[in-house]
Amino acid sequence: MAEESVPEGRSLKELSEEELWELINDNRHRISLGVRPCILLPYLRQVKVLTEVDEDEILSCHNLTNRCMRTYMLDLLRTQGRNGAIALLEGLMIHYPVLYTHVTGRKPSTEPSRFSLIKYSELTEYLIRAVTGMQTELQEARNEAGKMSTRCSSLESEVSQLMEQEEKCSHLQTENERLQRHLEVTKLKDEKCDLYIRYTASIEEKSLLNQTEALSLQVQQLSLDCKMQEQKSTVVQSQMKELQVERDQAYQSRDDAQAMIARILAEKDTLRSQLVELQEAVSKSSAPPFLVRSRPKAIRVNGRVLSLSLQCEALLSQLSIVGGNKSGVFVHQVTEGGAAHAVGISPGAQIVELQVRYEQNSRALRMVLEDSTLEEAMWALGQVTGFCQLSLRPRQNYEALLQQLQNSTMSSGDSFYIRVNLSLPAGASGTLAVSCNNILHVTNTRPAGTEDLWQASQVHPCQLLDLQSGTVPNYYQKAVRIVSTGRQGRNPLWVSVDEENTNGTESCVTLMPYTLVTPHFPPVCRPILLLPTILGRMLDKKLASWQGFQLMLTASEHAARLQRSEILEEVEPGGNRCYTLQSVEKVMKKGLHCVLPLGLDCVRRLHRSEIFPVIIFSKLQRSGQTEEQLLACSKSEEPLLDKLPCLYHSMAPDSWCDRNSLLTSLRTIIWEEQRKVVWVEPDLW
């Protein structure tokens, strides 16, 4: 029937809209019975013949049966005309090849030439997702089959146990019948014995008349005992009633507690869903993907500020800017005759704030540019495609900035320091060769003629001196590619960077290529923290016995509270002795290195007090069964070091062989680290 409806030699693309829909309507009943809308909807959405609203109407309408949903889907596709018919047949060719053959009389094929509404790359991506989904369903079906087989085996074992219990019950029933018969025989014997006793007693009554009074006294005594037992039983029953009341109250309290727990869990789920929505809203914000510097809190713009409103399609094409985060962003040139020139924007004005309003979603974007880099400012001005409002400050330090740019004493107004989290080889166009954990001084975020490079210089480890200069990539393009794939909810800077190791050096691959850091110049004697913790406990007292070092003193918890000193760590869990911040400061005031018998948790507390310890981690290697605990401690603490807001020194296991050589190496490392500048990243904890 289908073969007669499609002329031989003509493809589906050559059929007209009426012929295609006549072919579908002839098989409408078969399609309605054999097609699940939830399988075809992803492809129909992919080729853009159905919208998200259509999908919700098809799947979420509770008033429609499954067959009505399919019929409603065909009616919606009918409104799309020829594209709707071709999209439906192509979806049947992918997901229902047998039904496709019945409808069109042709064999299904997944060649790209057979699809007219979707590109080859999109078709490949869709087919890969479809195959992945089918594999997932197959794996779930297999898991379900495994669960069912396990359930069957457990049921079989339960059946066998029930049969065994049934046999035991039958044996017990037989034994019970035997015991009942035996009990009946015993009762008969007892009755005979009672009759014999009564007969004997009646005979002896005549000879024991003198014992009647004693027996009456015994009866009275027994009656008194019975009354006492009745009173006791009454007291016990009243106590039982009180216990029942207390039990009911306990049950009621338990039910109330369970209801409260259920309500708290429901509130927790509601708050969690709100948190997820807020995170999604934050992830969908229009923050520029190349920003590396962590912005401070809201900046209050001081001084005389002029606010200008203008309508401009491309503001960045009508003016040029200079400066950066150190000097401020200034207007350098203004195109005459443009909207910017018409509202009175002149060279030398400092841009302190920008507000952009979007007419499409009635949303406003406010950006403070007073401390932004040149790259950030150009991105922000590039967002202006309509109405905007600029806050300008009159000439202030503009001439000094131009003089410095003309004298080449500075390449721009940018100046901040970053720590490199990956290794980069030297390039042919002046790219710096940097290694992981190198410190760079970025002096220009938009060098002339480039958009994906920064001008930076390597920094001397012991002084704030710029050494070799060059360019480094800012990874802006990679961030854009990640955003364009639709993977929202991630920081665009958190990318995996795979560089070829051309020089044979070890490549350092992290999620964030650069980290903003600030320099700190600690006092002469910095505290010492030795890791792993177990090894540090072994060496602390030995190191503290040398000249220039002192072990950290302990204080009582009560004394720490009186002195209002922050407690860094307890000596023993639940004890009264603890290590305080004031103890560290006392040792440092003496001009000595304070040896810290603490863990990694104290580092952030010390940083908040502007105390930067020297952190030395000794890597270990297996040399015997007795060091299992030490190796386990080393493996558990080493991943935590990368979460610290500062760098640490790592000792190779082959750099020492015994305790004396280890202590000698430690003194050398401490002397070297003491001379260096401490670079600390913003602590967001």
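Residues numbered from 1 in each chain as written. Predicted model: local features only at pLDDT ≥ 70, side-chain atom pairs only at ≥ 80, totals over all residues. Heavy atoms only, no water.

By the naming in an unreviewed UniProt entry, the protein is Caspase recruitment domain family, member 14, taken from Xiphophorus maculatus.

Trainee: Mind laying out the environment of asparagine 474, listing which residues take part and the relevant values?
Mentor: Take asparagine 474: it is sitting in the loop between strand S10 (466-473) and helix H14 (476-484). Here the alpha-carbon distance between asparagine 474 and glutamine 455, two residues 19 residues apart in the chain, equals 9.9 Å. Setting aside residues up to four positions removed in sequence, asparagine 474 forms contacts with Glu375, Glu451, Asp452, Leu453, Trp454 and Tyr514. (Helix = DSSP H or I, 4+ residues; strand = E, 2+ residues; numbered from the N terminus. Contact = heavy atoms within 4.5 Å.)

Trainee: An account of a nonpolar patch on the surface is requested, with residue identities and associated values reported.
Mentor: Taken together, the side chains of Val236, Met240 and Leu243 present a nonpolar region at the surface, about 280 Å² in accessible area. For methionine 240, a relative accessible area of 44% gives the class partly exposed. (Patch = residues over 30% accessible without salt bridge, like charges linked within 9 Å, V, L, I, M, F, W, Y side chains within 5 Å. Areas by Shrake-Rupley, 256 points an atom, 1.4 Å probe, with all protein chains shown as cover. Salt bridge = Lys/Arg side-chain N within 4 Å of Asp/Glu carboxyl O. Buried < 20%, exposed > 50% of the residue type's maximum accessible area, 1.4 Å probe, protein only.)

Trainee: How would you explain the sheet that holds strand S13 (residues 549-551) if you had to name every residue and give the values?
Mentor: Strand order in the open sheet formed by 5 strands is S13-S17-S12-S18-S19, and the pairing between neighbours is parallel. What marks the edges here is a single partner per strand, and that holds for S13 and strand S19 (649-651). Ignoring which end each strand starts from, the neighbouring axes of this sheet average 30° apart. Alignment of strand S12 (residues 528-531) against strand S18 (residues 614-618), held across 4 bridges, turns out to be parallel. (Pairing = 2+ DSSP bridges. Axes fitted to C-alpha atoms, helices over the stretch in contact; angles between N-to-C directions.)

Trainee: How would you summarise the nonpolar core if you had to cite specific residues and measurements?
Mentor: Ranked by internal contacts, the top residues of the largest apolar core, which has 32 residues, are Leu50, Met73 and Leu92. Breaking this core down by element, the ones donating at least two residues are helix H2 (17-26), helix H4 (37-46), helix H6 (66-78), helix H7 (82-95) and helix H8 (97-104). Beyond its immediate stretch of four places on either side in the chain, leucine 92 contacts Ile31, Val35, Leu40, Pro97, Leu99 and Tyr100. The next biggest cluster of nonpolar side chains, apart from the first, holds 27 residues, and it includes Val329, Val356, Leu369 and Val384. (Core = buried A, V, L, I, M, F, W, Y, C linked by side-chain atoms within 4.5 Å.)

Trainee: Describe the side chain of threonine 445, naming the residues involved and giving the relevant values.
Mentor: Here threonine 445 shows up in the loop between strand S8 (439-444) and strand S9 (453-459). A polar atom in the side chain of threonine 445 sits 2.9 Å from the backbone nitrogen of glutamate 375. Among all residues touching threonine 445, those that are not within four sequence positions of it are Thr373, Leu374, Glu375, Asp414, Phe416, Leu453 and Trp454. (Polar contact = N/O pair within 3.5 Å; in protein donor to acceptor, adjacent residues only side chain to side chain.)

Trainee: I'd like a description of the sheet that holds S10, backed by residues and values.
Mentor: Taken in spatial order, the 6 strands make up an open sheet running S10-S9-S8-S7-S11-S20, and their pairing is antiparallel. The sheet terminates laterally at S10 and strand S20 (678-680), the two strands that pair on one side only. Looking at each pair of strands side by side, their axes are set apart by 45° on average, direction ignored. The pairing of strand S11 (residues 514-520) with S20 spans 3 bridges and is antiparallel. Note that in S20 the partner of threonine 518 across the bridge is valine 680.

Trainee: A description of helix H20 (residues 659-675) should follow, citing residues and the corresponding values.
Mentor: Here H20 is 17 residues long and its end C-alpha atoms lie 25 Å apart, about the 24 Å a rise of 1.5 Å per residue gives. By the burial criterion, the buried members of H20 are Leu662, Leu663, Ser665, Leu666, Ile669, Ile670, Glu673 and Gln674. Viewed end-on, H20 has its buried residues packed into an arc of 165°, placing them on one side of the element. Residues of H20 that are exposed and point over 90 degrees away from its buried face: Asn660 and Trp671. Buried residues along H20 sit against S12, helix H15 (533-544), S13, strand S17 (593-596), S18 and S19. (Expected span 1.5 Å × (residues − 1). Arc of directions from axis to C-beta.)

Trainee: Report on the pairing of strand S2 (residues 319-324), specifying residues and quantitative values.
Mentor: Most of S2 is tucked away: 5 of the 6 residues are buried. Here S2 folds back onto strand S3 (residues 328-334) in antiparallel fashion, the turn holding 3 residues.

Trainee: Mind laying out the packing of aromatic side chains, listing which residues take part and the relevant values?
Mentor: Aromatic ring pairs: the centre-centre distance and the angle between the two ring planes describe each pair. Considering all chains together, one arrives at 4 aromatic pairs under this definition. Judged by centre distance (5.7 Å) and plane angle (50°), the ring pair of phenylalanine 330 and tyrosine 398 falls under tilted. Of this pair, phenylalanine 330 sits in strand S3 while tyrosine 398 is found in helix H13 (residues 398-406), placing the two residues 68 residues apart along the sequence. Each member of the pair, phenylalanine 330 as well as tyrosine 398, is classed as buried. Seen in terms of ring centroids, phenylalanine 416 and tryptophan 454 are 5.9 Å apart; in terms of plane orientation they differ by 90°. Their pairing is edge-to-face. Residue phenylalanine 416 is found in strand S7 (residues 416-420), and its partner tryptophan 454 is found in strand S9; the two are separated by 38 residues along the sequence. Pairwise contacts between aromatic rings join Phe416, Trp454 and Tyr514 into one cluster. (Phe/Tyr/Trp six-rings, centres within 6.5 Å; stacked < 30°, edge-to-face > 60°.)

Trainee: Any details on the pattern of salt bridges? Residues and values, ideally.
Mentor: Under the counting rule described, the total for this entry stands at 8 salt bridges. For the salt bridge of glutamate 18 with arginine 78, the shortest nitrogen-to-oxygen distance reads 3.9 Å. Here the residue glutamate 18 occupies a position in helix H2, and arginine 78 occupies one in helix H6, the gap between them amounting to 60 residues. Look at glutamate 18 and you get exposed, because its relative accessible area is 52%. A relative accessible area of 32% means that arginine 78 is categorised as partly exposed.

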